[in-house]
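Chains, contacts and geometry: an overview
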Amino acid sequence: MATTAAEDEQAGNRGEVRRPALSPSRASDFKQCPLLYRFRAVDRLPEVPTKAQLRGTLVHSVLERLFALPGPERLPARARELLAPAWSQLSDQRPEWAELFAGEGEEQVRSWLSSAEKLLDSYFALEDPRRLEPEACELHVEIELGSGVLLRGYVDRLDVAPTGEIRVVDYKTGAAPREIGEAKAMFQMKFYAVVLWRLRGIVPRQLKLMYLTDGQSLAYTPDEPELRRFERTLEAIWEAILRAGRTGDFRPNPGRLCDWCAHQARCPSFGGTPPPYPGWPEPDAGDETPLDRAD
Ligand code: SF4
């Protein structure tokens with residue numbers, strides 16, 4: 001099944017219940033640190049986004065809007081013009097995000113918006129969007145594997161060539177150094193490759209990561225045996241999550257990424273105490289958020 005992020009949000013607003021599924025962000029959380037997965041997916045503890053995360057969300061939204069324009073209009077100046085209306089819409093939808101700028105003057109907001117302009121400039125240095133006609137942006141994809149494991153996620157952009165070859169594109173706008181996030185990003189891309197392969201019966205020709213913070217891109221070509229193996233890895237992760245979910249045994253696994261964890265104060269590795277285990281959530285466990293989609 002494939003829908004856009006907007007259609008998905010409408011379904012959520014209508015209160016439609018969805019089956020528990022594995023998303024790339026939550027799978028990656030569990031791999032990194034089971035306790036982080038628990039805090040995010042089971043306790044669902046709120047996390048205040050950083051301005052860098054919000055900027056990433058904003059840039060993703062602008063790039064989506066850019067591709068909705070006719071090809072010849074997809075120019076850097078037009079993209080910059082889209083920043084203010086995109087931020088206005090995002091902050092209307094999530095007033096708590098605008099709170100991050102409470103007490104700051106217009107000058108600070110302008111300077112934050114201009115840091116987003118730099119990411120957009122970096123994007124235009126990597127490719128010319130006038131020459132592309134993506135099949136979809138912010139595409140919600142979902143597939144049930146033969147084992148019954150449900151995979152769900154959002155693809156930043158899907159390019160399909162006239163020959164039918166598929167390219168999965170992901171924009172990276174995060175503040176963490178590229179080498180730290182690279183394995184995580186590749187995990188996410190292989191996740192999407194498995195979903196698209198199972199949905200369409202075609203192994204994507206290319207997985208492309210575009211790092212807008214440092215203006216570099218990384219392309220990778222998966223093959224079917226590799227995706228088969230990766231599918232088994234995802235099934236094993238889901239099994240491990242269900243096992244931990246039954247017992248509440250989500251252990252901390254401290255590492256370099258703890259520097260970016262919002263839950264150190266509750267983490268035993270940092271002298272904290274987690275809240276009592278609330279039990280395995282029904283019916284949904286650990287969906288992606290708009291902030292995840294803009295990491
Ligand atoms: S601080 Fe580190 S070990 Fe603790 S929950 Fe966060 S990621 Fe896990």
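What counts, and where the lines are drawn
Along each chain, the written sequence defines residue order, and numbers are assigned to residues from 1. Given that this is a predicted model, residues contribute local features only at a pLDDT of at least 70 and side-chain atom pairs are listed and counted only at 80 or more, while totals for whole chains, interfaces and linings are drawn from all residues. Only DSSP runs of H or I with at least four residues qualify as helices, and only runs of E with at least two residues qualify as strands; both kinds are numbered from the N terminus onward. Residues are called buried when their C-beta atom has 20 or more other C-beta atoms within 10 Å, exposed when it has 12 or fewer, and partly exposed otherwise; all C-beta atoms are positioned from the backbone. This entry defines residue contacts through backbone-placed C-beta atoms, with two residues in contact when those atoms are within 7 Å. Any two strands between which DSSP finds at least two bridges are classified as paired. Each residue gets a C-beta atom placed from its backbone. If that atom is within 6 Å of a molecule or strand, the residue is near it. Here the nonpolar group is Ala, Val, Leu, Ile, Met, Phe, Trp, Tyr, Cys and Pro; Asp, Glu, Lys and Arg are the charged ones; every other residue, Gly included, is treated as polar. Helix axes use the C-alpha atoms of the stretch in contact, all axes being lines fitted to C-alpha atoms, and the angles between their N-to-C directions lie in the range 0 to 180 degrees. For classification purposes, an angle smaller than 35 degrees is called roughly parallel, one larger than 145 roughly antiparallel, one from 65 to 115 roughly perpendicular, and anything else oblique. Here is the rule for handedness: rotate from the far helix to the near one, and if that takes an anticlockwise turn smaller than a right angle the crossing is left-handed, while a clockwise turn gives right-handed. We define the nonpolar core as any set of buried residues of the types Ala, Val, Leu, Ile, Met, Phe, Trp, Tyr and Cys, connected via C-beta atoms lying within 7 Å of each other. A helix is expected to span 1.5 Å multiplied by its residue count minus one. Throughout, the bend at a residue refers to the angle made by two axes, fitted to the seven residues ending there and to the seven starting there. Scored from 0 to 100, pLDDT records how confident the predictor is in each individual residue.

**Overview of the overall build of the protein chain**
Looking only at helices and strands, the protein chain features nine helices and six strands. Within the protein chain, the proportion of its 295 residues that are buried is 35%. Within the protein chain, counting contacts between residues at least 6 apart in sequence, those at least 24 apart form 72% of the total.

**Let's talk about the pairing of strand S4 (residues 166–172)**
Of all the seven residues making up S4, six are buried; the element is thus mostly covered by neighbouring parts of the structure. Joining the antiparallel neighbours strand S3 (residues 150–160) and S4 is a turn of five residues, in which glycine 164 adopts a positive phi near 95°. Sheet topology places S4 next to strand S5 (residues 206–211); six bridges connect them, and they run parallel. Looking across to S5, one finds that lysine 172 is bridged to tyrosine 211.

**Description of the site of the ligand**
For the ligand, the set of nearby residues contains 14 residues, the closest of which are Cys33, Pro252, Cys258, Cys261 and Cys267. Partitioning the shell around the ligand into residue classes produces ten nonpolar, four polar and no charged.

**Quick notes on helix H3 (residues 34–42)**
Burial within H3 is extensive, with eight of its nine residues counted as buried. Within H3, the full set of buried residues consists of Leu35, Leu36, Tyr37, Arg38, Phe39, Arg40, Ala41 and Val42. Buried positions along H3 lie against helix H2 (24–32) and helix H9 (224–247). Positive phi shows up at arginine 44, right after H3, with a value of about 50°.

**Observations regarding the packing of helix H4 (residues 51–68) against helix H7 (residues 106–126)**
Relative to each other, H4 and H7 sit at 50°, their axes nearing to 10 Å. Put simply, H4 runs oblique to H7. Taken as a pair, H4 and H7 cross one another with a handedness that is right-handed. The residues of H7 that touch H4, namely those facing Lys51, Arg55, Leu58, Val59, Val62 and Leu63, are Trp112, Ser115, Ala116, Leu119, Leu120 and Tyr123. Looking at the contact of H4 with H7, its residues break down into nine nonpolar, one polar and two charged.

**Remarks on the nonpolar core**
Leu58, Val59, Val62, Val168, Tyr192, Ala193 and Leu196 are the most contacted members of the largest nonpolar core, which totals 56 residues. Of the residues forming this core, the biggest block, nine residues, is contributed by helix H8 (residues 178–200).

**Let's talk about the pairing of S3**
Counting buried residues in S3 gives eight out of eleven residues, a clear majority hidden from the surface. Taken together, the eight bridges between strand S2 (residues 136–144) and S3 define a ladder with antiparallel strand orientation. Following the sheet pairing, isoleucine 143 is matched in S3 by leucine 151.

**Section: helix H5 (residues 76–93)**
Here H5 contains 18 residues, and its C-alpha end-to-end distance of 26 Å stays within 8% of the 26 Å for a straight helix at 1.5 Å per residue. Leucine 83 marks the point of greatest bend in H5, at about 30°, and the proline proline 85 comes within the next four residues. All buried positions along H5 are accounted for by Ala79, Leu83, Ala86 and Trp87.

**A few points about the environment of leucine 35**
Examined against the element boundaries, leucine 35 turns out to sit in helix H3. Residue leucine 35 is classed as buried on the basis of its C-beta count, with 25 C-beta atoms lying within 10 Å. Between the C-alpha atoms of leucine 35 and cysteine 267, which are 232 residues apart in sequence, the distance is 8.0 Å. Leucine 35 has contacts with Phe250, Arg251, Pro252, Cys267 and Pro274, leaving out every residue within four places of it along the chain.

**Regarding the packing of H5 against H7**
Contact pair H5 / H7: the axes reach a minimum separation of 10 Å and the direction vectors enclose 140°. Taken together, the axis directions place H5 and H7 in an arrangement best described as oblique. Considering only the axes of H5 and H7, their crossing is right-handed. Of the residues in H7, those in contact with Pro76, Ala79, Arg80, Leu83, Ala84 and Trp87 of H5 are Leu113, Ala116, Glu117, Leu120, Asp121 and Phe124. Of the residues belonging to the contact of H5 with H7, the class tally is nine nonpolar, no polar and three charged.

**So, the confidence of the model for the protein chain**
Taken over all residues, the pLDDT of the protein chain has a mean of 88, while the share at 70 or more is 87%. The model gives residues 11–15 a pLDDT under 50, and that stretch makes one contact with residues more than four places away or in other chains.

**Some details on unusual backbone geometry**
The phi torsion of most residues other than glycine is negative, and most of the peptide bonds are trans. Positive phi is not limited to glycine here, since arginine 44 has a value of about 50°. The residue arginine 44 is located in the loop between H3 and H4 in this model. With a phi angle near 50°, glutamate 138 is a residue other than glycine that sits in the positive phi range. With respect to the secondary-structure elements, glutamate 138 resides in strand S2. Its 22 C-beta neighbours within 10 Å are what place glutamate 138 among the buried residues.

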